[in-house]
Amino acid sequence: MTQQPSPNHLAASEREDDQVARLITWLSAMAIAFLIGIGSKAWFAGHPGHAWVLWGFAAVVMAKMAHFACTRNRTVQKAGLLLVVGSLFAYLIVSGGESNTGPLWFYVFPPLLFYLTSLKTGTAVLLFCYLMAVIVFQFPAMPFVTAEYSTDFKIRFFATLSFESILCFTLEASRLKARNELVALAESHERAAKTDELTGLANRREMHNRLMAEFSRYQRAGHHFSIALIDLDLFKGINDRFGHDAGDQVLREFAATVQTIIRQTDVAARWGGEEFLLLLPDTSLLQALTLAERLRSEVAAMRFRFRGADLPVTISAGVCSIAKATSIDELLKQADVQLYSAKAAGRNRIAPRVRTQNGTTASA
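Residues numbered from 1 in each chain as written. Predicted model: local features only at pLDDT ≥ 70, side-chain atom pairs only at ≥ 80, totals over all residues. Heavy atoms only, no water.

Draft legend 1. View of the overall build of the chain. A tally of helices and strands in the chain yields 11 helices and 9 strands. For the chain, the C-alpha radius of gyration of 34 Å lies well beyond 21 Å, the compact-globule estimate for 364 residues. Here the C-alpha coordinates of the chain stretch approximately 105 × 50 × 30 Å along the principal axes. When the 364 residues of the chain are sorted by exposure, 38% land in the buried category. Of the contacts made within the chain by residues no fewer than 6 positions apart, 67% connect residues no fewer than 24 positions apart. Summed over its atoms, the accessible surface of the chain is roughly 20400 Å², and 61% of this surface lies on carbon and sulfur atoms. Each charge sign in the chain was given a centre, from 37 positive and 32 negative side chains, and these centres are 3 Å apart. (Helix = DSSP H or I, 4+ residues; strand = E, 2+ residues; numbered from the N terminus. Rg over C-alpha atoms; globule rule 2.2 N^0.38 Å. Buried < 20%, exposed > 50% of the residue type's maximum accessible area, 1.4 Å probe, protein only. Contact = heavy atoms within 4.5 Å. Areas by Shrake-Rupley, 256 points an atom, 1.4 Å probe, with all protein chains shown as cover. Lys, Arg positive; Asp, Glu negative; His and termini not counted. Charge placed at Lys NZ, Arg CZ, Asp CG, Glu CD.)

Here you go:
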């Protein structure tokens, strides 16, 4: 199964794409200036054909810039620049430019190619360019080939270009590795800022942010949601009798149980100490009571053990729906009141109690 890119990787890629688009715009403007300037020099040096070709490439680059300004399509912008630059270098190698110095401009290509494409794509394109250069150098009598190079020039050209290509490949690989490590470090810090270290659930700050986001969604679109404030009954007694290691194990096992019962859209958080909070989007009060009762029943039936000793673990919970509150603070206060009611009624139960058709009460 293919792993989906993380939000941090997507954000980093988006920022890098923006930087690349700006860089290409500046490079295109510089290329236009160079092409017009060198074309003018060729014109006054008595090479009008060469001048017109260079001016033609300048016009193509201008057209590419205008197209990007209208469409903002960065993929077409990048591919267009590489195609124009590749075509220009092919022309310079075939024609020799002025005084057979055209191939020297090819040294610009490797760093640009590796920066604008992936390492694999850049390497493949470079190998193709090498092959094309070898064919031109070895068969100067081919159609359209008007330049002929000395053996010494060919050896120096390929040696220096190979060195530059390997160096550019290594530098770009190092840059990508450093970027990925920084993104991974940022993700690690972000997880630490949002996650409770002991249980792996969301922490109080992250849950508060989720509550505010869900409340905004409720105000915009009317999507109801509920919460369940959960407390482990007589948890202090477990710490006192069996030690804090036992208490930590109970918290971890309970958190794991919560994760198996809630839906993917639900959010579970360690609210503080032995208190946990569940955020249940698109959930009515009765549905939330049903889920909380299922969790209570599951915990009551579980066997918590620590170093051979059975640990008495049950939970009480207070449930509230946003339909009964006007703000997040009021929602939390009502859930806290319901939790106190459940504990006052004997613990190991859910509040509020709902009335059945025969007049008896039940949690859900």
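Draft legend 2. Examining the packing of helix 3 (residues 74-95) against helix 5 (residues 119-138) more closely. Put simply, helix 3 and helix 5 touch, their axes get as near as 10 Å, and they point 20 degrees apart. On the basis of their axis angle, the class for helix 3 and helix 5 is roughly parallel. For the crossing formed where helix 3 meets helix 5, the hand is right-handed. In contact with A90, I93 and V94 of helix 3, helix 5 contributes M132, A133, V136 and F137. Taken together, the residues of the contact of helix 3 with helix 5 break down into 7 nonpolar, no polar and no charged. (Axes fitted to C-alpha atoms, helices over the stretch in contact; angles between N-to-C directions. Parallel < 35°, antiparallel > 145°, perpendicular 65-115°, else oblique. Left-handed = near helix turned anticlockwise from the far one by under 90°. Nonpolar A, V, L, I, M, F, W, Y, C, P; charged D, E, K, R; others polar.)

Draft legend 3. How the structure looks around the sheet that holds strand 3 (residues 275-281). The strand order across the open sheet formed by 5 strands is 2-3-1-6-7, and the pairing between neighbours is mixed. Edge positions in the sheet fall to strand 2 (267-272) and strand 7 (350-351), since each of these pairs with one other strand and no more. As paired elements, strand 1 (residues 225-232) and strand 3 share 7 bridges and run antiparallel to each other. Paired with I230 across the strands is F276, a residue of strand 3. Against the sheet, helix 7 (residues 204-221) engages strand 1, strand 2 and strand 3, with an angle of about 25 degrees to strand 3. Against the sheet, helix 11 (residues 328-344) engages strand 1, strand 2, strand 3, strand 6 (315-321) and strand 7, with an angle of about 145 degrees to strand 6. (Pairing = 2+ DSSP bridges.)

Draft legend 4. Here's a closer look at the nonpolar core. Residues L35, F106, F109, L116, F137 and F157 are the most contacted members of the largest nonpolar core, which totals 38 residues. Those elements that provide at least two residues to this core are helix 1 (7-44), helix 2 (48-71), helix 3, helix 4 (109-116), helix 5 and helix 6 (151-194). The element that contributes the greatest number of residues to this core is helix 3, accounting for 9 residues. Excluding residues within four positions of it along the chain, F157 makes contact with P103, F106, Y107 and F137. (Core = buried A, V, L, I, M, F, W, Y, C linked by side-chain atoms within 4.5 Å.)

Draft legend 5. Expanded view of the pattern of salt bridges. According to the stated counting rule, one finds 14 salt bridges in the structure shown. With a closest N to O distance of 2.3 Å, R74 and D18 form a salt bridge. Taken together, the positions of R74 in helix 3 and D18 in helix 1 put the pair 56 residues apart, joining distant regions of the chain. The exposure class of R74 is partly exposed, given its relative accessible area of 25%. (Salt bridge = Lys/Arg side-chain N within 4 Å of Asp/Glu carboxyl O.)

Draft legend 6. The packing of aromatic side chains, seen in detail. In total, this model carries 22 aromatic pairs according to the counting rule given. A ring pair is formed by F89 and F106, whose centres lie 5.6 Å apart and whose planes are at 55 degrees; its orientation type is tilted. Here F89 is found in helix 3, whereas its partner F106 is found in the loop between helix 3 and helix 4, with 17 residues between them in sequence. Classification of F106 by relative accessible area gives buried; the value is 3%. A ring pair is formed by Y149 and F153, whose centres lie 5.2 Å apart and whose planes are at 15 degrees; its orientation type is stacked. For the pair shown, Y149 and F153 are each scored as buried. Among the aromatic residues, those joined into a ring-pair cluster are F89, F106, Y107, F109, Y130, F137, Y149, F153, F157 and F158. Between the NZ or CZ atom of R204 and the centre of the ring of W271, over which it lies, the distance is 4.0 Å. (Phe/Tyr/Trp six-rings, centres within 6.5 Å; stacked < 30°, edge-to-face > 60°. Lys NZ or Arg CZ within 6 Å of the ring centre and 35° of its normal.)

Draft legend 7. Region of the structure containing the state of the cysteines. For the coordinates displayed, the defined rule picks out 0 disulfides. The thiol of C129 is unpaired, and the distance to the nearest cysteine sulfur, on C168, comes to 13 Å. (Disulfide = S-S within 2.5 Å.)

Draft legend 8. Highlighting the confidence of the model for the chain. Predicted confidence across the chain gives a mean pLDDT of 88, with 94% of residues reaching 70 or more. Of the regions scoring below 50 in pLDDT, residues 356-364 engages in 18 contacts with residues more than four places distant in sequence or in other chains. (pLDDT = per-residue confidence, 0-100.)

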